[in-house]
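# Examining the three-dimensional arrangement
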Amino acid sequence: MKADIRIDRVLFEEGADDYELASLILKRLNGVPVEKISQDTPRQRDDSSNMDKETLRLVPFKGEFFKPCPGTKNYICCGYQILNVGTNCPMDCSYCILQAYFNQPSLRIFVNLEQELVRIGRILDEHPESVFRLGTGEFTDSLALDHIAGWSKILPRFFEGRKNAVLEFKTKTDRVEGLLSSPYRDRIIVSWSLNSPDMASGEEHGAPSIRKRLQAAKRCMEEGYAVGFHFDPLILHPKWKDGYMRTIEMMDRYIDPQRIIWISMGCLRYIPALKPVIRRRHPGTHILDGEFIHGLDGKMRYFKPIRIEVYAFMREQIEKWRNNSGLYLCMESSEVWTESLGWSPKRSRGLSNYLDRRVREFFIN
Ligand code: SF4
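Below: a short report on this structure. (Residues numbered from 1 in each chain as written. Predicted model: local features only at pLDDT ≥ 70, side-chain atom pairs only at ≥ 80, totals over all residues. Heavy atoms only, no water.)

### Quick notes on the sheet that holds strand 14 (residues 260-267)
On the basis of which strands lie adjacent, the open sheet formed by eight strands has the order 4-5-9-10-11-13-14-18 and mixed pairing. Each edge of the sheet is formed by a strand with only one pairing partner; in this case those strands are strand 4 (66-68) and strand 18 (327-329). Within this sheet the neighbouring strands show an average axis-to-axis angle of 25 degrees, counted without direction. Strands strand 13 (226-234), strand 14 and strand 18 of the sheet are contacted by helix 10 (residues 304-321), whose axis makes an angle of about 160 degrees with strand 14. Taken strand by strand, helix 12 (residues 348-362) contacts strand 9 (132-135), strand 10 (165-171), strand 13, strand 14 and strand 18, and its axis lies near 150 degrees from that of strand 14. (Pairing = 2+ DSSP bridges. Helix = DSSP H or I, 4+ residues; strand = E, 2+ residues; numbered from the N terminus. Axes fitted to C-alpha atoms, helices over the stretch in contact; angles between N-to-C directions. Contact = heavy atoms within 4.5 Å.)

Following this line, the structure appears as structure tokens:
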């Protein structure tokens with residue numbers, strides 16, 4: 001079963017018809033009503049509780065397609081680059097940061113992606129000595145709209161044979177048909193956000209179960225893709241240790257650990273402005289139970305000893321299964337690294353180098 005997606009109207013921005021991707025998308029959505037609008041029309045239905053996720057807006061995007069992940073100097077950041085292909089997502093996780101961006105409702109696909117890739121290719125070529133780790137899963141899910149946007153047709157072809165770049169498709173879905181039918185697998189990583197089965201079913205609304213995600217990962221792995229996993233956000237909940245153990249046991253059943261390029265971990269964190277939105281949109285949620293403190297980046301986080309306990313537990317369980325899995329922490333301090341994982345890259349450059357080495361080991365130059 002695929003993530004349940006219903007598009008019931010398309011907003012077609014002025015200028016989108018200059019791009020072939022826009023007409024391909026309209027063909028794929030044959031029969032869905034299309035409305036032409038100007039680029040500055042802020043359109044949202046009266047009832048905004050669903051963030052207008054049934055509306056797809058086709059956008060000739062004028063902003064940055066390619067930019068560093070916004071880290072902070074107070075925590076160790078992985079040096080990831082965001083490839084911005086669209087915004088919003090048809091799933092509805094209670095903790096999703098995108099809910100804070102109410103001025104950008106509806107699902108959005110940037111139809112000038114292929115034209116921008118030419119410019120991005122030039123940037124990559126200017127730095128042959130660097131390793132660029134790019135990902136599309138920052139402002140949308142990488143595969144939830146793939147059957148409409150065709151990202152798996154466009155992007156792997158662009159990355160094939162590039163010596164200094166990899167692209168990570170980060171997803172919670174099992175929508176891997178596009179990738180499986182692609183002849184281009186070089187330089188592509190497919191990764192899944194994982195949680196405990198209870199958090200997946202209770203807080204990640206509309207997302208496939210953990211088992212389905214891992215079955216999709218198995219298919220990709222068997223077809224030669226490097227795979228990654230992200231335990232992010234790790235959430236405290238009753239019997240959380242048992243819950244995360246169950247997920248790791250399922251990983252053992254479906255995944256060959258030798259094919260894992262990296263596994264990241266990050267405890268739940270959120271900007272204060274998101275809290276009332278979560279309360280309003282997800283009144284039954286348990287993610288705000290418990291105590292939080294203001295982190296150095298202004299986000300609310302669990303207390304440091306709790307984060308250390310969670311990471312240390314996860315590390316122990318994961319390492320019982322696979323000792324060298326590219327385990328790393330997302331946006332944590334050097335102290336938390338050392339206390340929980342037993343080593344620290346010390347600063348963001350150190351973590352970047354560590355992940356770049358993983359890329360070089362997995363993809364032969
Ligand atoms: S899958 Fe990701 S982008 Fe989609 S709602 Fe969940 S957290 Fe947000």
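There is more to say after this.
### Overview of the site of the ligand
What surrounds the ligand is the set C89, M91, D92, C93, Y95, C96, L98 and K172. With respect to the pocket detection grid, the ligand is positioned in the largest pocket. Tallied by class, the residues present in the shell around the ligand amount to six nonpolar, no polar and two charged. (Near = heavy atom within 4 Å. 1 Å grid on protein atoms, 1.4 Å probe; cavity = no way out; pocket = protein on both sides within 12 Å on 5 of 7 lines; lining within 4 Å. Sits in = over half its atoms within 2 Å of the grid points. Nonpolar A, V, L, I, M, F, W, Y, C, P; charged D, E, K, R; others polar.)

### What about the pattern of salt bridges?
Tallied over the full model, the rule gives 23 salt bridges. Between D17 and K36 there is a salt bridge; the shortest N-O distance is 3.9 Å. Of this pair, D17 sits in the loop between strand 1 (9-13) and helix 1 (20-28) while K36 sits in strand 2 (residues 34-37), and the two are 19 residues apart along the sequence. On the basis of relative accessibility, which here comes to 63%, the residue K36 falls in the exposed class. (Salt bridge = Lys/Arg side-chain N within 4 Å of Asp/Glu carboxyl O. Buried < 20%, exposed > 50% of the residue type's maximum accessible area, 1.4 Å probe, protein only.)

### Concerning the side chain of S142
Along the chain, the position of S142 falls in the loop between strand 9 and helix 3 (146-149). Within the structure, the side chain of S142 is placed 2.7 Å from the side chain of T136, a separation counted as a polar contact. Within the structure, the side chain of S142 is placed 2.8 Å from the backbone nitrogen of K170, a separation counted as a polar contact. In contact with S142, not counting residues within four places along its chain, are T136, G137, W151, E168, F169 and K170. (Polar contact = N/O pair within 3.5 Å; in protein donor to acceptor, adjacent residues only side chain to side chain.)

### A short note on the sheet that holds strand 16 (residues 293-294)
The sheet built from three strands is open, its strands ordered 15-17-16 with antiparallel pairing. The open sheet has two edge strands, strand 15 (269-270) and strand 16, and neither has a second partner. Pairing of strand 16 with strand 17 (residues 300-301), which is carried by two bridges, proceeds in the antiparallel orientation. For I293, the partnering residue across the bridge sits in strand 17 and is R301.

### Quick word on the layout of surface pockets
One number sums up the size of the largest pocket: a volume of about 1200 Å³. Looking at the largest pocket, it is lined by 44 residues, and the ones nearest its centre are I97, G137, E138, D232 and R269. Those elements that place two or more of their residues in the lining of the largest pocket are strand 7 (92-93), strand 10, strand 13, strand 15 and strand 18. The residue makeup of the lining of the largest pocket, split by class, is 24 nonpolar, eight polar and 12 charged. By volume, the second largest pocket amounts to about 370 Å³. As for the second largest pocket, its lining consists of 21 residues, and the residues nearest its centre are F61, T87, Q104, R108 and F110. Within the residue set of the lining of the second largest pocket, elements represented by two or more residues are strand 3 (55-59) and strand 8 (107-110). Residue composition of the lining of the second largest pocket, grouped by class: eight nonpolar, six polar and seven charged. (Points joined across faces, edges and corners; volume = space filled by probe spheres on them.)

### Focus on helix 12
Its 15 residues place the ends of helix 12 21 Å apart at the C-alpha level, agreeing with the 21 Å of an ideal helix rising 1.5 Å per residue. Within helix 12, burial applies to L351, S352, Y354, L355, D356, R358, V359 and F362. (Expected span 1.5 Å × (residues − 1).)

### Quick notes on the packing of aromatic side chains
For the structure on display, the rule yields 12 aromatic pairs. Ring geometry for F61 versus F110: centroids 3.9 Å apart, planes at 5 degrees, classification stacked. One end of the pair, F61, is in the loop between strand 3 and strand 4; the other, F110, is in strand 8, with 49 residues separating them in the sequence. The class for F110 is buried, based on a relative accessible area of 3%. Linked through ring pairs, F61, F65 and F110 together constitute an aromatic cluster. Lying across the ring of F158, R162 places its NZ or CZ 4.2 Å from the centre. The cationic tip of R301 hangs over the ring face of Y75; the distance from NZ or CZ to the ring centre is 4.0 Å. (Phe/Tyr/Trp six-rings, centres within 6.5 Å; stacked < 30°, edge-to-face > 60°. Lys NZ or Arg CZ within 6 Å of the ring centre and 35° of its normal.)

### Overview of the nonpolar core
Grouped together as the largest cluster of nonpolar side chains are 111 residues, with contacts concentrated most on L155, W192, F229, F231 and M314. Looking at this core, the element that brings in the most residues is helix 10, giving seven residues. Not counting residues up to four positions away in its chain, the partners in contact with F231 are L194, Y244, T247, I248, M251, I263, S264, M265, G266, M314 and I318. (Core = buried A, V, L, I, M, F, W, Y, C linked by side-chain atoms within 4.5 Å.)

### Things to note about the environment of D242
Tracing the chain through its elements places D242 in helix 8 (residues 240-254). Sequence-wise, D242 and P197 are 45 residues apart; in three dimensions their C-alpha atoms are separated by 10.0 Å.

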